[in-house]
Amino acid sequence: MANQVTGFTRIYKAAGYSWKGLKAAWQNEAAFRQEASVAIPLILLSFWLDVSTVERILLVGSVVLVCVTELLNSAVECAIDRIGSEFHVLSGRAKDIGSAAVLLTIILAIFVWVSIFWPRWF
């Protein structure tokens, strides 16, 4: 049966579910805590630095993307763990692919930050 809630009530409930998900990720996912603990100071730093608006958007966006990718990876891992604890090659592959996605976004974030600051420092 489809959800009958519409309008502002639906948006309000969706925001509550999103907050619940962030809270669950913080409480249960060490990797998310680590990445968020790096992302928050970097985001604050980006507002203190003398960079253009576009550069600031790239700096913030790159570190937020790492956290978003980690949330998606954690969701995949939770769903696979829910299915069962026995090893299956496809379950392992799905987890490895999710981890690779996180790694690529971390590399992207490093590339963005280095690309913006390298010319200023050297």
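As recorded in an unreviewed UniProt entry, the protein chain goes by Diacylglycerol kinase and comes from Rahnella ecdela. You can read under Function (unreviewed entry) in the UniProt record for the protein chain the words "Catalyzes the ATP-dependent phosphorylation of sn-l,2-diacylglycerol (DAG) to phosphatidic acid. Involved in the recycling of diacylglycerol produced as a by-product during membrane-derived oligosaccharide (MDO) biosynthesis."

Trainee: Hey, could you run me through helix H4 (residues 89–121) in this one?
Mentor: Residues spaced three or four apart along an α-helix face the same direction, because each turn holds 3.6 residues. Between its first and last C-alpha, H4 extends 46 Å over 33 residues, near the 48 Å set by a 1.5 Å rise per residue. Roughly 30 degrees is the biggest bend found in H4, and it falls at Ser115, with proline Pro119 one to four residues downstream. Taken residue by residue, H4 has Gly98, Val102, Thr105, Ala109, Val112, Trp113, Ile116 and Phe117 as its buried positions. Contact partners of the buried residues in H4: helix H2 (30–48) and helix H3 (53–83).

Trainee: Would you take a moment to explain the pattern of salt bridges for this structure?
Mentor: Side-chain pairs of opposite charge can arise whenever the charged atoms involved come near each other. Applying the stated rule across the entire model yields 2 salt bridges. Of the charged contacts, one joins Glu55 and Arg120 as a salt bridge, the two residues approaching to 2.9 Å between their closest N and O atoms. Residue Glu55 is located in helix H3, and its partner Arg120 is located in helix H4; the two are separated by 65 residues in the primary sequence. Using a relative accessible area of 42% as the deciding quantity, one classes Arg120 as partly exposed. Of the charged contacts, one joins Asp81 and Lys95 as a salt bridge, the two residues approaching to 2.6 Å between their closest N and O atoms. On the criterion of sequence distance, the pair formed by Asp81 in helix H3 and Lys95 in helix H4 is long-range, its members being 14 residues apart.

Parameters and conventions
Residues numbered from 1 in each chain as written. Predicted model: local features only at pLDDT ≥ 70, side-chain atom pairs only at ≥ 80, totals over all residues. Heavy atoms only, no water. UniProt positions renumbered as here; feature names shortened; annotations may be inferred. Helix = DSSP H or I, 4+ residues; strand = E, 2+ residues; numbered from the N terminus. Expected span 1.5 Å × (residues − 1). Bend = angle between axes of the 7 residues up to and from the residue. Buried < 20%, exposed > 50% of the residue type's maximum accessible area, 1.4 Å probe, protein only. Contact = heavy atoms within 4.5 Å. Salt bridge = Lys/Arg side-chain N within 4 Å of Asp/Glu carboxyl O.

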